[in-house]
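Next come the chains, spelled out residue by residue.
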Amino acid sequence: MTAPRWIADPLLQVDRLTMRFGGLVAVNNVSFAAGRGDITALIGPNGAGKTTLFNCLTGFYKPTVGRIAFSRGGLDVERIEALTATSAKYSSAKNAQDMGEGIYLLERMADHEIAKKARVARTFQNIRLFPGMSALENLIVAQHVALARASGLSVFGLLGLPSWRRAERDAVALAEKWLARIGLRHRANDPAGALPYGDQRRLEIARAMCSGPALLCLDEPAAGLNANESAGLASLLRDIRDEGETSILLIEHDMSVVMAISDHLVVLDYGQKIADGAPAEVRENPAVIAAYLGVEDAEVDAVESDILAGDPR
């Protein structure tokens, strides 16, 4: 039997991650992997610690304990452990960002370094577009790293050198390509804040994709969408995955979207991982069913017995 990608070819490995806020433990000793080329969904009831974990992955929080290893090329966990155990240079924050061989320890990096060097992009639960800028401009802004490099810190741009003009044309072309993909080419010059809510959601994903991410992290992308918009979102995310250049990690409460597109589910409850596996497997897990029904831990065995007996409660 072939091992699933999150075991055979991980892109991201979270190991014993814990995040404390004073006496509150928001994430407690969580470990999981995300496979290269997979859509991995992080799910669980409200307050389960999903967004806190996301904030640790993307550099907004520094975890209290744990390691977050990421590689665009190949993630050899044993190699990482050997390097961190035997080489003193990886103990300093300055040198620990890039361990060589395209391996990054995200817990030791600032958020902008995670985005730029590791190429991890993120959207937020609350839309964070630039509402006064046009849809096209929002997508061009996402390419600021490449444009800044091409401008020679503005000098080449001021002089109008060919390399700058070429980079500018490429940025506009990529922005127009993504506007066409999300069905907003005709709204290119409209202020982003004037677009319908569902269009803004898709525009935010397109903006993240314009940065060329290896991993796209989406925080509740289907929130507030109607059924047709959710179906369109699911199709867009499947297309991104199938193109093979970007893996996806998402938090989502819409189970119709999660089950339609996910290759791998990780379930949190009260900051702890309670399930990890393929959607069909996780869907039947008694602990997951109990968590979503609000059943106390002591009643999980009773819920499992009822399920086996054909009583869904």
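All values derive from a computational prediction rather than experimental measurement.

A few words on the overall build of the chain. Regarding its fold elements, the chain presents 15 helices and ten strands. Of all 313 residues assigned to the chain, the portion counted as buried reaches 47%. Long-range contacts, defined as pairs at least 24 residues apart, comprise 67% of the intrachain contacts of the chain with a sequence gap of at least 6. Of the roughly 14900 Å² that the chain leaves accessible, carbon and sulfur atoms contribute 52%.

The next thing to look at is the pairing of strand β9 (residues 264–269). Within a regular strand, the side chains alternate between the two sheet faces. Of all six residues making up β9, six are buried, and the element is well covered by its neighbours. Burial along β9 is two-sided: His264, Val266 and Leu268 facing one way and Leu265, Val267 and Asp269 facing the other are all buried. Pairing geometry for strand β3 (residues 39–43) and β9, over four bridges, is parallel. Opposite Thr40, over in β9, you have His264 as the bridge partner. With five bridges joining them, β9 and strand β10 (residues 272–277) adopt antiparallel strand pairing. Paired with Val266 across the strands is Asp276, a residue of β10. The turn linking β9 back onto β10 is made up of two residues, and Tyr270 within it adopts a positive phi angle of 50°.

If you trace the backbone, Gly47 turns up in the loop between β3 and α2 (50–57). For Gly47, a relative accessible area of 70% corresponds to the exposed category.

Turning to its location among the elements, Asp269 is positioned in strand β9. It is Lys50 that comes nearest to the buried, bridge-free Asp269 among opposite-charge side chains, at 8.4 Å. Residues contacting Asp269, with those up to four places away along its chain left out, are Pro45, Ala48, Ile274 and Ala291.

Moving on: the packing of aromatic side chains. Under the criterion given, the structure shown has two aromatic pairs. For the pair Phe21 and Tyr61, a centre-to-centre distance of 5.3 Å together with 75° between the ring planes defines the contact as edge-to-face. With Phe21 in strand β1 (residues 10–21) and Tyr61 in the loop between α2 and β4 (65–71), this residue pair connects regions lying 40 residues apart in the sequence. According to the relative accessible area criterion, Phe21 is partly exposed, its value standing at 35%. Using a relative accessible area of 30% as the deciding quantity, one classes Tyr61 as partly exposed. Aromatic side chains Phe60 and Phe124 sit 5.5 Å apart centroid to centroid with 85° between the ring planes, which places their arrangement in the edge-to-face category. One end of the pair, Phe60, is in the loop between α2 and β4; the other, Phe124, is in the loop between β6 (120–122) and α6 (135–141), with 64 residues separating them in the sequence. Here Phe124 falls in the buried class, since its relative accessible area comes to 16%. Residue placement shows Arg128 over the ring face of Phe124; its charged tip is 3.9 Å from the ring centre.

The next point concerns the side chain of Asp15. Here Asp15 shows up in strand β1. Assessed through its relative accessible area of 11%, Asp15 is described here as buried. Here Asp15 is in contact with Val30, Ser31, Gly66 and Arg67, once residues within four sequence places are set aside.

Strand-to-strand pairing in sheets goes through backbone hydrogen bonds, with the strands running parallel or antiparallel. Read from one edge of the open sheet, four strands run β2-β1-β4-β5, paired in antiparallel fashion. Looking at which strands have only one partner, the edges of the open sheet turn out to be β2 (24–35) and β5 (103–105). Within this sheet the neighbouring strands show an average axis-to-axis angle of 15°, counted without direction. The sheet contact formed by β4 and β5 spans three bridges and is antiparallel.

About the criteria used
Residues numbered from 1 in each chain as written. Predicted model: local features only at pLDDT ≥ 70, side-chain atom pairs only at ≥ 80, totals over all residues. Heavy atoms only, no water. Helix = DSSP H or I, 4+ residues; strand = E, 2+ residues; numbered from the N terminus. Buried < 20%, exposed > 50% of the residue type's maximum accessible area, 1.4 Å probe, protein only. Contact = heavy atoms within 4.5 Å. Areas by Shrake-Rupley, 256 points an atom, 1.4 Å probe, with all protein chains shown as cover. Pairing = 2+ DSSP bridges. Lys, Arg positive; Asp, Glu negative; His and termini not counted. Salt bridge = Lys/Arg side-chain N within 4 Å of Asp/Glu carboxyl O. Phe/Tyr/Trp six-rings, centres within 6.5 Å; stacked < 30°, edge-to-face > 60°. Lys NZ or Arg CZ within 6 Å of the ring centre and 35° of its normal. Axes fitted to C-alpha atoms, helices over the stretch in contact; angles between N-to-C directions.

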